[in-house]
Amino acid sequence: MKSPIPDYLQHVLDKARDNEAGAPAAYIDVLARADTSKLAVALAMVDGNLYSAGDDQVEFSIQSISKAFVYALAIEDAGLPRVLEKIGVEPSGDRFNQLSLERGTNRPMNPMINAGAITAHSLVVAPNATAEARTERILKSLSRLAGRQLHVDEEVYEAELKDADRNMGIGHMLKAAGIITCDPREAVKGYIRQCAINVNVKDLAMMSATLCNAGVHPFSGEQIIPHASVRQVLSVMTTCGMYDAAGDWVSNVGIPAKSGVAGGIIGTLPGQVGIAAFSPKLDERGNSVRGVAICEQLSRDMGLHMM
Ligand code: DON
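Residues numbered from 1 in each chain as written. Predicted model: local features only at pLDDT ≥ 70, side-chain atom pairs only at ≥ 80, totals over all residues. Heavy atoms only, no water.

**Remarks on the pairing of strand β7 (residues 273-278)**
- With 6 of 6 residues buried, β7 lies mostly within the body of the structure.
- What you see with β7 is no split at all: V273, I275 and A277 on one side and G274, A276 and F278 on the other are buried throughout.
- As paired strands, strand β1 (residues 40-45) and β7 are joined by 6 bridges and run antiparallel to one another. When the bridges of β7 are listed, A40 appears paired with F278.
- Note: strand β6 (residues 264-269) against β7, 6 bridges, orientation antiparallel. Within β7, the residue paired with I266 across the bridge is A276.
- Counting the residues in the hairpin turn of β6 and β7 gives 3 residues, including G271, whose phi is positive at 80 degrees. (Buried < 20%, exposed > 50% of the residue type's maximum accessible area, 1.4 Å probe, protein only. Helix = DSSP H or I, 4+ residues; strand = E, 2+ residues; numbered from the N terminus. Pairing = 2+ DSSP bridges.)

Quick look at the structure:
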């Protein structure tokens, strides 16, 4: 019997397509030229079923969605107490590319903003590790989560690196504040490389479903992320994953989530379903306009709100 779910997902996409608002990220020139008609959704259930519709084979760079998974790696490699010494867990209320250091501790406010993510990146493997070792660990882990070998989009990497003054500035401030101890240029380069890893919505749905499933990959049954890290990651995704839109998101959609500036979004409902949506046009807070609309619709129709 034909499953009704793909037809339903197609219907959700058709509705979201009517929303013409937003613009692709302007500050990374490859992303500014993205095909804004692209639209896709995928749902990965914790029982291992995967459903998708639209441009589900189209690849785009993971961007800030990587921050959730690299935070988990930092916790695994450096231990939660050390990570908490270096990165806070409070929403900044500011844009993702603000410095947002906490008064008193100098910690970046949380790991989902660029300052916190650059710090988390610097804690992967070990503080004195090479940039290559860190990137390799991150690529390997994200590939295991996706269930296939992922690759860095070199064009996106180069494009972001050539206009990286702002992130480089943040890296230098983190070093001056004693938060990162390695060469800040290497930390920022590695962070930009992690953001340039290409994925499609099916990859992201599977990565999200692993978080839903207490760190166990729903297909392979492998424990990829320790359970204690999943709890920490999902907590911070709930409060900080959608940046200064986090409050609106939690009240409207009610699912831990993370967005990326290439137009991807993941939603993660523990014990149930990992959602991924993609469309390149962003709102003023840096979240995909159609991606947000898709998640709102799914949450309403399927009763996914946590409350
Ligand atoms: O560092 C940056 O600005 C980008 N590589 C990532 C930002 C991002 O994805 C913000 N999300 N919406």
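Next comes the rest of the description.
**Quick look at the nonpolar core**
- By size, the foremost hydrophobic cluster in this structure holds 76 residues, and its most contacted members are F69, L142, L204 and M207.
- The element that contributes the greatest number of residues to this core is helix α3 (residues 66-78), accounting for 8 residues.
- Listed in part, the 26 residues of the second largest apolar core include L13, V273, A277 and V292. (Core = buried A, V, L, I, M, F, W, Y, C linked by side-chain atoms within 4.5 Å.)

**Let's talk about the packing of aromatic side chains**
- Overall, the coordinates contain 3 aromatic pairs when judged by the stated rule.
- For the pair F60 and F278, a centre-to-centre distance of 3.9 Å together with 0 degrees between the ring planes defines the contact as stacked. One end of the pair, F60, is in strand β3 (residues 60-61); the other, F278, is in strand β7, with 218 residues separating them in the sequence.
- Classification of F60 as buried rests on a relative accessible area of 5%.
- Aromatic pair F96 and Y243: ring centres 5.3 Å apart, planes at 45 degrees, arrangement tilted. Of this pair, F96 sits in the loop between α4 (80-86) and α5 (114-123) while Y243 is found in the loop between α11 (227-240) and α12 (246-252), placing the two residues 147 residues apart along the sequence.
- Using a relative accessible area of 4% as the deciding quantity, one classes F96 as buried.
- Pairwise contacts between aromatic rings join Y27, F96 and Y243 into one cluster.
- The side chain of R193 reaches across the aromatic face of Y157, ending 4.7 Å from its centre. (Phe/Tyr/Trp six-rings, centres within 6.5 Å; stacked < 30°, edge-to-face > 60°. Lys NZ or Arg CZ within 6 Å of the ring centre and 35° of its normal.)

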